[in-house]
Amino acid sequence: GFMGDPIPRDSAPDLDYEVLVIGAGLSGIFALYRLRELGFRARVLEAGSGAGGTWYWNRYPGARFDSESYSYQFTFSQEVLNEWDWTEHFAGQPEILAYINFLCDKFDLRSDIQFDTKVASAHFDQSNNCWRVTDDAGKQYSCRWLLTAIGFLSAPTLPNIPGVQDFKGESHHTSRWPKQPVTFEGKRVGIIGTGATGIQSIQEIAKTAGHLTVFQRTPNWAVPLHNGPISKEEMAVIRDDYPALFERCRKSYMNFLHMPETRALSEVSQEEREAFWEDQYENGRGFRLWLSNYRDVAFDREANKICSDWIADKIRQRVKDPETAERLIPRNHGFGTKRVPMETNYFEAYNQPNVRLVDVTETPIECITETAIRTSKEDVGLDMLIYATGFDAVTGAFDAMDIRGINGVRLKDRWEGSPRTYVGMTVDGFPNMFMSMGPHQSYGNIPRSIEYAVNWITDALAYFRDKDITNVEAKPEGVDMWTEHVIDAAKGRLANEVDSWMTGINKNLPGKQKRIINRYTGSAPGFRKFCDEIAANGYKTFKLN
Ligand code: N01
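Residues numbered from 1 in each chain as written. Predicted model: local features only at pLDDT ≥ 70, side-chain atom pairs only at ≥ 80, totals over all residues. Heavy atoms only, no water.

1. Points about the side chain of threonine 148
At step 1: Examined against the element boundaries, threonine 148 turns out to sit in strand β6 (residues 140–148).
At step 2: Owing to a relative accessible area of 0%, threonine 148 belongs among the buried residues under this scheme.
At step 3: Beyond its immediate chain neighbours, meaning those up to four positions away, threonine 148 contacts Ile22, Phe398, Met433, Phe434, Met435 and Ser436. (Helix = DSSP H or I, 4+ residues; strand = E, 2+ residues; numbered from the N terminus. Buried < 20%, exposed > 50% of the residue type's maximum accessible area, 1.4 Å probe, protein only. Contact = heavy atoms within 4.5 Å.)

Set out below in structure tokens:
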């Protein structure tokens with residue numbers, strides 16, 4: 001019980017639920033676990049037929065963690081930490097989904113998750129101080145508190161190429177991959193997109209495809225993942241290290257295991273830095289080369305160029321055909337200025353006779369026909385077409401619902417141009433709505449961030465219940481302050497000068513053509529400290545009624 005209450009009081013006896021959670025991904029299932037623990041009447045509405053969110057939908061070949069499995073799991077249950085063994089340093093999607101289902105089974109979470117229920121709208125009803133949620137079958141639900149757990153990379157987008165609907169072969173967006181097995185043997189497969197998803201897919205599909213054509217618009221600075229199996233013995237050693245491992249994540253800038261190098265590139269000799277990079281590239285697991293790099297590589301053009309040039313040489317060494325190698329080297333952005341994809345023999349795939357790279361900046365795609373992708377030079381005939389074309393990131397999943405706050409103001413309009421939030425978890429004008437992984441919240445290592453956000457939100461709800469507070473709204477000055485802070489925290493980063501989902505760009509969406517600060521880049525420990533203080537001060541920075 002909370003604050004000595006054996007049975008917590010129902011804070012909304014007249015409503016269907018005290019709390020409605022939208023989404024049963026990692027945020028949603030942990031929210032449900034916590035809300036139950038705190039004694040709330042809660043329900044989760046989930047569009048899919050199973051739990052897992054990102055890991056439910058993204059079943060594409062090669063989908064896997066690219067942060068260490070053991071750093072990317074929940075820590076809330078010691079029992080689960082004891083019981084669950086990871087079999088790879090970077091687990092594949094099937095193992096991750098099995099882990100999520102293990103959580104659902106263990107805590108009987110599914111009994112409060114309503115699957116196959118897509119939320120169409122959520123309107124705040126001022127006179128009754130509640131949210132009225134409607135699903136796409138027209139069913140209505142009322143609740144006091146609304147918790148969005150909808151992810152920030154969950155609204156997939158197709159390319160704005162004429163003829164996308166015309167293709168008669170098999171076609172899949174990576175994020176809506178079918179559950180039944182998809183085979184590539186003997187097929188002419190084409191893939192558009194070379195982000196983190198495309199790169200994971202390409203290296204896997206290349207193994208079995210009859211022929212694979214990669215349509216690349218922007219090459220990426222992918223670096224080796226160095227995955228490997230975890231033996232039972234090694235798992236025991238890792239498990240013994242869990243407390244230290246999670247402590248490291250807590251201390252690090254983005255909740256990852258990797259600590260930044262504190263020196264600047266200019267402080268070390270060429271020999272030293274190259275030996276350092278060589279070690280990171282050849283031996284460093286996961287994001288090390290990116291996150292443990294010299295501190296100025298993310299800020300200083302010169303330092304970044306030196307590092308990028310060094311990695312470009314690695315690509316040249318790995319790709320046999322020099323022209324293909326040059327096409328695979330990014331020219332319009334430096335290393336680490338976009339999310340760095342992780343790879344295993346990605347570049348070597350282009351040495352295989354069944355894989356071909358088409359640079360669509362040289363020969364633009366004109367259209368998709370019933371049987372082919374037509375470039376300015378040729379028709380590339382295809383049996384299967386894969387869209388690894390990314391997402392309407394950050395705000396896309398919010399925009400997909402009709403969310404309205406006080407006086408019917410639409411969230412989509414409120415966020416026109418750029419999202420604006422108070423600590424990424426609340427919005428002024430949208431009382432009693434809380435967001436896990438909302439815009440301008442600390443992301444980084446996502447499960448670490450989710451655990452924090454969901455704990456913060458659910459603790460707040462328990463506090464409000466205890467104090468008889470039934471209406472909570474962010475103040476406009478708080479939203480102004482946080483938005484300014486987010487912009488300040490990003491100052492000087494070379495990443496701001498690059499088109500990517502992190503700067504709010506999606507070239508397929510007319511409304512997403514202007515660069516903004518779409519992601520909070522301040523430190524995770526600083527973020528937590530700030531939010532902890534809000535709680536410690538009785539949430540006085542909110543309007544409380
Ligand atoms: O999407 P993206 P993603 N014509 O937007 C291309 C996370 N993630 O799904 O760059 C031609 O990065 C587009 O080209 P361009 C991670 O945070 C995590 O790959 O616009 N090409 C680009 O190459 C990541 O950052 C994990 O020129 C078109 C690609 O499609 C985020 O998800 C694994 C096109 C889209 O790349 C998003 O990654 C995977 C067009 N019309 C992803 N439209 C793990 O942690 C788009 N493209 C394991």
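2. Re the site of the ligand
At step 1: Surrounding the ligand, one finds 26 residues, the nearest of these being Arg64, Thr197, Arg217, Thr218 and Trp501.
At step 2: In the model, an oxygen atom of the ligand is placed 3.0 Å from a nitrogen or oxygen of the threonine 194 main chain.
At step 3: In the environment of the ligand, an oxygen atom lies 2.6 Å from a nitrogen or oxygen atom belonging to the side chain of threonine 197.
At step 4: For the ligand, the protein covers 86% of the area, taking 910 Å² as the surface of the free molecule.
At step 5: The residue inventory of the shell around the ligand, partitioned by class, reads 10 nonpolar, 10 polar and 6 charged. (Near = heavy atom within 4 Å. Polar contact = N/O pair within 3.5 Å; in protein donor to acceptor, adjacent residues only side chain to side chain. Areas by Shrake-Rupley, 256 points an atom, 1.4 Å probe, with all protein chains shown as cover. Nonpolar A, V, L, I, M, F, W, Y, C, P; charged D, E, K, R; others polar.)

3. Side note on the packing of helix α8 (residues 270–283) against helix α10 (residues 301–318)
Each pair of packed helices can be summarised by the angle the axes make with each other and by the distance between the axes.
At step 1: Relative to each other, α8 and α10 sit at 50 degrees, their axes nearing to 11 Å. Of the possible angle classes, the one that applies to α8 and α10 is oblique. The hand of the α8/α10 crossing is right-handed. Contact residues: Arg273, Glu274, Trp277, Glu278, Tyr281 and Glu282 in α8; Ile306, Cys307, Trp310, Ile311, Lys314 and Arg318 in α10.
At step 2: A class-by-class count of the residues in the contact of α8 with α10 yields 6 nonpolar, no polar and 6 charged. (Axes fitted to C-alpha atoms, helices over the stretch in contact; angles between N-to-C directions. Parallel < 35°, antiparallel > 145°, perpendicular 65-115°, else oblique. Left-handed = near helix turned anticlockwise from the far one by under 90°.)

4. So, the environment of aspartate 466
At step 1: Here aspartate 466 lies in helix α15 (residues 446–466).
At step 2: On the accessibility criterion, aspartate 466 (31% relative accessible area) is partly exposed.
At step 3: On a C-alpha basis, the gap between aspartate 466 and arginine 9 in space is 8.3 Å, while along the polypeptide they are 457 residues apart.

5. Side note on the pattern of salt bridges
At step 1: With the rule as written, the count across this model stands at 46 salt bridges.
At step 2: Of the charged contacts, one joins aspartate 10 and arginine 41 as a salt bridge, the two residues approaching to 2.7 Å between their closest N and O atoms. One end of the pair, aspartate 10, is in the segment before β1 (17–22); the other, arginine 41, is in the loop between α1 (26–37) and β2 (42–45), and 31 residues separate them in sequence.
At step 3: Given a relative accessible area of 29%, aspartate 10 falls into the partly exposed group.
At step 4: Between aspartate 402 and arginine 410 there is a salt bridge, with the nearest N and O atoms lying 3.2 Å from each other.
At step 5: According to the relative accessible area criterion, aspartate 402 is buried, its value standing at 19%.
At step 6: Each of Asp313, Arg316, Glu326 and Arg331 takes part in salt bridges that share partners, so that together they form one network. (Salt bridge = Lys/Arg side-chain N within 4 Å of Asp/Glu carboxyl O.)

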